[in-house]
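Summary of the model geometry
Residue strings, one per chain:
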Number of protein chains: 4
Amino acid sequence: MANSKFEYVRNFEQPDNLLPNTWIVVRIDGRGFTKFANKYAFEKPNDRRALDLMNAAAKAVMSELPEITIAYGISDEYSFVFHKSCVLFERRSSKLVTTIVSTFTSYYIYLWPTYFPETPLSPPLPSFDGRAVCYPSVQNLRDYMSWRQVDCHINNLYNTTFWALIQQGGMGNLDAEELLKGTYAADKNEILFSKFGINYNNEPEIYKKGSVVFRAYELVEPGTHNAAAEADGLAEPVQQSKNQTEIDKKRRAKARIVIEHLDIIKDEFWDRRPWLLSNKPGKIPKET
Amino acid sequence: MANSKFEYVRNFEQPDNLLPNTWIVVRIDGRGFTKFANKYAFEKPNDRRALDLMNAAAKAVMSELPEITIAYGISDEYSFVFHKSCVLFERRSSKLVTTIVSTFTSYYIYLWPTYFPETPLSPPLPSFDGRAVCYPSVQNLRDYMSWRQVDCHINNLYNTTFWALIQQGGMGNLDAEELLKGTYAADKNEILFSKFGINYNNEPEIYKKGSVVFRAYELVEPGTHNAAAEADGLAEPVQQSKNQTEIDKKRRAKARIVIEHLDIIKDEFWDRRPWLLSNKPGKIPKET
Amino acid sequence: MANSKFEYVRNFEQPDNLLPNTWIVVRIDGRGFTKFANKYAFEKPNDRRALDLMNAAAKAVMSELPEITIAYGISDEYSFVFHKSCVLFERRSSKLVTTIVSTFTSYYIYLWPTYFPETPLSPPLPSFDGRAVCYPSVQNLRDYMSWRQVDCHINNLYNTTFWALIQQGGMGNLDAEELLKGTYAADKNEILFSKFGINYNNEPEIYKKGSVVFRAYELVEPGTHNAAAEADGLAEPVQQSKNQTEIDKKRRAKARIVIEHLDIIKDEFWDRRPWLLSNKPGKIPKET
Amino acid sequence: MANSKFEYVRNFEQPDNLLPNTWIVVRIDGRGFTKFANKYAFEKPNDRRALDLMNAAAKAVMSELPEITIAYGISDEYSFVFHKSCVLFERRSSKLVTTIVSTFTSYYIYLWPTYFPETPLSPPLPSFDGRAVCYPSVQNLRDYMSWRQVDCHINNLYNTTFWALIQQGGMGNLDAEELLKGTYAADKNEILFSKFGINYNNEPEIYKKGSVVFRAYELVEPGTHNAAAEADGLAEPVQQSKNQTEIDKKRRAKARIVIEHLDIIKDEFWDRRPWLLSNKPGKIPKET
C-alpha cells in the first residue's frame with residue numbers, strides 16, 4: 001500500500017516563515033487564568049508562588065532554547081524574544097510558537113508541585129496560548145518591552161489599591177471598582193498611603209517591575225558599546241567562522257540564566273548589557 | 001504613566017484567520033521523541049503505555065474543546081480536525097494551534113505517572129510542536145486522514161519486521177536495515193511469518209490502524225445519509241436557532257468520547273457516522 | 001563583479017500561493033472613476049460606450065488567459081474567476097492579480113479611441129486596482145457572483161431613479177438624494193413609472209444585469225449534469241492524459257468568447273452551462 | 001432585493017497589510033518581453049526608445065504616487081520604493097502592487113506612439129506583473145538596489161559582447177554563446193576591445209548603470225547627515241504637525257522628478273541625497 005495516492009495533501013500546507021532580519025517576539029498567555037487562579041486560591045493581588053512558577057518555567061524554556069535572547073513576564077503572560085538574526089526552524093512561525101508554548105506548559109505542569117505542594121492539580125488543567133510578532137527595529141522591540149512593563153505597572157498599582165480597599169478596607173468588589181474609576185496613578189498612591197499606610201514604592205520589585213530573564217555576562221560601562229545602532233544596521237545573519245560559532249555556543253552554555261526585576265524601559269538596562277541586542281555573548285563574570 | 005506612547009506596537013500583530021468554510025487540521029508531533037523514547041526505555045516496535053498516554057491526552061483535549069470533530073493518532077503524532085463551519089477563536093491559526101498543543105502537553109505531563117508509574121519524568125521534558133492546515137473539500141480531508149493511516153501501516157509493518165529481526169533474529173541494526181532495503185509489504189509479511197512465525201494480520205489493531213478518537217452516537221445504516229455532499233455543499237456556518245444550538249451542545253456533552261482502532265480509509269467508517277461530516281450530533285446510544 | 005554578495009535579498013520575498021482546490025476570484029476596480037467619468041463626460045446613469053469598453057477589455061483578458069472560466073462586470077469593476085483546479089503561475093496571488101490588472105489596463109487604454117473616438121485620453125490616465133479571494137465551495141462562488149449581480153441591480157435602480165429626478169425632473173442632487181433616502185425598490189419603481197413613465201423592466205439588460213463573459217458551447221438540458229456536486233467533490237487537479245489536455249485546449253481555443261446580460265443568480269444559468277463548473281469544454285455549437 | 005443574504009462572501013477576503021516600519025519595494029517585470037521585443041524589432045543589445053518609454057512610464061507613476069521615494073529600472077523591469085514610514089492604502093500589498101502595475105501599464109500603452117511612432121501596437125498587447133517585498137533595514141534596501149544594479153552591469157556587459165560578436169563579428173547565436181561560456185568580466189572587456197575596438201567604459205551610462213528616478217533637491221555635503229541611522233532608528237510613522245505635512249507636500253509637488261544614470265551602490269549617491277532615506281523633502285534647487 002504505497003502512500004503516493006494521498007500524499008498530495010501536503011500541498012495544502014502553507015509556508016509561514018517570518019520576515020528575515022526582524023526581531024521575533026513570542027508572547028504566551030494563560031488561558032482562563034482568572035478562573036484557574038480562583039480554583040487554586042491564588043493570593044491577591046499577587047501570588048508569589050504562581051509568579052515564581054511562571055519564572056521557573058520561563059527559565060527552563062530559555063535553557064532548552066538557547067536562541068532566545070531575553071524574556072519578560074508579568075502575571076500569567078510571558079514574552080520571549082529571538083534576535084533578528086535568528087534562523088531557528090527557518091523562522092517558521094508555527095514551529096517557533098508551538099515549541100515555546102509546549103515547553104513552557106510542560107515545565108509549568110511538571111514544576112507545579114514544587115511551588116504548590118499542598119494543592120495538586122486536577123483537570124481541567126492550566127494551558128497557554130501564544131502568537132509570534134515581528135519587530136523591524138531595536139526601537140520597536142524596546143517599545144514592545146516597555147509596553148509590557150508599563151502595563152505591569154498600571155495593572156499592579158490598580159490591583160494593589162483595589163485589593164487593599166477590599167482586604168483591608170472591607171469594601172465590596174463593586175464599590176472598590178467604582179471608587180477607582182477615573183483615578184490617576186497619584187490618586188491611587190494617595191489612597192494606599194493615607195488609608196492603609198502603604199508606600200507603593202516599597203512594594204516588592206517583582207510585583208512592580210515584572211521579571212526579566214536573560215543570560216548574565218559582565219556588565220559594561222554605558223557608552224562604550226552601541227549595540228542598538230549595530231543591530232539596526234545589520235543586514236543578514238552574520239556568517240561567522242565555525243570556530244567563532246563554537247566559542248559563542250560554549251560561552252552561552254556557561255552563562256547563568258538570571259531572573260531579575262529591573263527597569264527595562266530606560267536605556268541603562270540595554271546599554272550595560274550590549275549582548276542582548278548584539279547577540280554576541282559577553283564575558284562570563286568571575287564567580288565570587 | 002499612560003501606556004499610549006508604546007501601544008502602537010500592537011499594529012505589528014498580523015491577522016492569521018484561516019479561510020472560512022474549510023476543514024482545519026491541527027497536527028502535533030513529539031519533539032525529539034526518538035531520544036525521549038530511549039531515555040525512558042520505550043518498548044520496540046511499539047510501547048503500549050506510551051500510545052495509551054498519547055490517546056488519553058488526545059481524549060482530554062477533545063473534552064476541553066468540544067469543537068473538535070475527530071482526532072487521529074499514530075506514534076508520537078496526533079491530528080485534530082475542526083469542522084469546516086467551526087468559528088472557534090475566529091479561526092485564528094495561532095490561537096487554535098497553541099491551545100491544542102498546550103492542552104495536549106499539559107495532560108501528557110500530568111498523566112505521565114499514570115502510565116509510567118515507575119519512571120518519573122526529569123528534564124529535559126517532552127514537548128510537542130504543531131501546525132494548522134486547511135482542506136477545502138471532504139475528499140481532501142478524507143485523503144489527509146487516509147494519508148496518515150497509510151503511513152501508520154507502512155511504518156508499523158516496517159518496524160515490526162525490523163525489531164523482530166533484531167530482538168528475535170539476533171541481527172544488528174545495520175544488518176536489519178540492509179536486509180529490508182527495497183522490500184515490499186509482501187516480503188516483510190513473508191519474513192515475519194517464515195522466520196518468526198508472526199502473522200502480521202494478528203498484530204494488535206492499535207498498532208496496525210492507529211487510534212481514532214470521536215464522540216460516539218448511534219451508528220446509522222450506510223446509504224441513508226449523504227453527509228459528504230451535504231458538507232461540501234455548505235456555504236457558511238449554518239445559522240441555527242439558539243434552541244437548536246443548546247440541544248446540540250447538550251447532546252455533544254452527553255456523548256462518550258471513544259478511542260477506537262478502525263479503518264478510516266474506506267467509506268464505511270464515514271457512512272455509518274454521518275455526524276463527523278455533518279457536524280450534527282447523532283442519537284445518544286442506549287446504555288447497555 | 002559577481003552578484004552573490006547582494007543576492008541574499010531574495011530571501012525576503014515571501015510566498016503567496018493561494019490554497020489549492022479553491023475557486024479564485026480576481027476583482028478589479030477603476031481607481032477614482034467618479035472623477036474620471038466626469039472628466040470625460042460619461043453619460044448618466046450609464047454610459048454605454050464606457051461599459052462596452054470595459055467589456056471589450058475583459059474579453060481580451062479572457063482571450064489571453066484561457067485559464068479564466070468566467071468573468072462578470074458592472075460599472076467600473078470586473079471579476080475574473082479561475083476554476084478551483086487551476087494551477088496557473090502556481091496559484092501565486094500577486095502574479096495572478098497583476099497579470100489580470102495589467103492586461104486589462106493595457107486593452108482599456110489601447111481600445112479607448114475605438115469607443116471614445118472624439119475624446120482622446122490625457123493624463124492623469126485611468127488605472128485599476130485588484131485583489132484575489134479564494135472561495136472553497138461552488139455555493140460560495142455562486143453566492144459571490146450573486147452578490148455582485150444584486151449590487152448591480154440595487155445600484156442601477158437607484159441611479160436610474162436618481163438621474164431621472166435630476167435630468168427629467170429638474171431636481172438638484174441633494175434634493176434627489178434626500179427624496180430617495182430610505183425608499184425601497186417598489187418606491188423607486190413607482191417614482192420612475194408615475195413621474196417619468198419609465199417602466200424599469202424595460203431598461204436595457206446590460207444596465208440591469210451587468211455583463212457575463214464566458215466561452216460559449218452548446219447549452220445542455222437542465223438536470224442532465226451535476227457539475228456543482230462534481231466540482232465540490234473534486235480533490236485535486238485531475239491528471240488528464242496529454243492527449244485529452246490537447247483536445248481540451250483546442251476546443252477552448254475554438255470556442256467563441258461571448259458577452260451576455262443574463263441572470264446568474266438562478267440555477268438555470270449554471271445548469272445549462274456545466275462547463276463553467278466542471279472545467280470540461282462542451283460541444284462547439286454549429287455555426288448558423 | 002436586499003443583498004444581505006450574499007454579503008457573507010466578503011468574509012473570505014483576507015487582509016494583506018505589509019509589516020509596518022519596513023521598506024516596501026514593488027518590482028514589476030514585462031511579461032513575455034523577449035517575444036514582444038522581437039515583434040517590434042527592438043534594437044540589440046539595447047533599444048534606446050524602449051528604455052526611454054520605460055523611464056517615461058516610471059516617471060508618470062512617481063508623479064501620480066508622490067509616496068514613492070525612488071525607482072530604479074533596467075531592461076523591462078522597474079522597482080519602486082516606498083519609505084518605511086509609508087502608510088498609503090494602509091500598506092495593503094495587493095492595492096499597492098496593482099496600483100503601480102496598472103498605472104505603469106496605462107502610461108506604457110499611452111506613450112508608446114511617442115517613442116515608437118512608426119510601429120503602432122497591436123494585440124497581444126504588452127503587460128507587466130509585479131510583487132511587493134518588505135526590507136527591514138536601510139542596508140537591506142540598499143543591498144536590494146545594489147543587487148539590481150549589479151545585475152544590470154552583468155547583463156549589459158554580456159549582451160554588449162554577445163551582440164558585438166554577432167552583429168560585427170558575423171557569428172551565429174550559438175557560437176557566440178559558446179564562446180562566452182565561463183568568461184569573466186575582464187575577458188569580455190578584452191574581446192570587446194581587441195576584436196571590435198569597443199571600450200566598454202565608454203558605453204552610454206543608461207545601458208551600464210540603468211535608470212534612477214527620484215525627486216531632485218539640493219545635494220548636501222557628504223557626512224553632514226546620517227539619514228541611514230536615522231531611518232533605521234525610526235520606530236513608527238512620525239506624527240508631524242498638519243502644518244509641516246502641508247509644507248512637505250508642497251515641496252514634494254514642487255520638486256522636479258529626474259531620471260539619472262548613476263552609481264547607486266556606493267555611499268555617495270545616498271549621502272548626498274539624505275531625503276531618500278529620511279523622507280524629509282530637501283531644499284528646492286534654484287533654477288538656473
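The preceding data block contains the structure.
Treat the numbers as computed from the prediction; the structure is a model and nothing was measured.

This part is about the interface of chain A and chain B. Contact with chain A, which involves 54 residues of that partner, is made by 54 residues of chain B. Summed over both sides, the interface of chain A with chain B buries roughly 4,700 Å², with 59% coming from carbon and sulfur. Counting every contact that joins chain A to chain B gives 6 salt bridges. With its nearest N and O atoms 3.6 Å apart, the salt bridge here joins E13 of chain B to R27 of chain A. For the interface between chain A and chain B, the tally reads 22 residue pairs in polar contact (both at pLDDT 80 or more).

The next subject is the relation of the copies chain B and chain D. Placing chain B over chain D gives an RMSD of 0.0 Å and needs a rotation angle of 180°, together with 0.0 Å of translation along the axis. Those values place the two copies in the arrangement expected of a two-fold rotation axis. Residue P15 of chain B of chain B places its C-alpha closer to the rotation axis than any other residue of that unit, at 3.6 Å. A shared binding surface is used by both copies, with 100% of the interface residues of chain B retained as interface residues in chain D.

With that out of the way, let us pick up the interface of chain B and chain D. Taken together, the contact between chain B and chain D spans 12 residues of the former and 12 residues of the latter. Each partner contributes to the roughly 1,000 Å² buried at the junction of chain B and chain D, and carbon and sulfur atoms together form 61% of this total. Broken down residue by residue, the surface that chain B buries against chain D is led by Y8, F12 and Q14 of chain B, which jointly contribute 43%. Our count for the chain B to chain D interface comes out at 0 salt bridges. Summed over the shared surface of chain B and chain D, the result is 2 residue pairs in polar contact (both at pLDDT 80 or more).

This brings us to the pairing of strand β4 (residues 128-135) of chain C. Residue and element names in this part refer to chain C. Buried residues dominate β4, accounting for 7 of its 8 residues. As paired elements, strand β1 (residues 23-30) and β4 share 8 bridges and run antiparallel to each other. By the bridge assignment, V26 is partnered in β4 with A132.

Rules behind the numbers
Residues numbered from 1 in each chain as written. Chains lettered and ligands numbered in written order. Predicted model: local features only at pLDDT ≥ 70, side-chain atom pairs only at ≥ 80, totals over all residues. Heavy atoms only, no water. Contact = heavy atoms within 4.5 Å. Buried area = accessible area lost by both parts, 1.4 Å probe. Salt bridge = Lys/Arg side-chain N within 4 Å of Asp/Glu carboxyl O. Polar contact = N/O pair within 3.5 Å; in protein donor to acceptor, adjacent residues only side chain to side chain. Least-squares fit on C-alpha atoms with pLDDT ≥ 70 in both. Buried < 20%, exposed > 50% of the residue type's maximum accessible area, 1.4 Å probe, protein only. Helix = DSSP H or I, 4+ residues; strand = E, 2+ residues; numbered from the N terminus. Pairing = 2+ DSSP bridges.

Nothing here speaks to function; it is all geometry.
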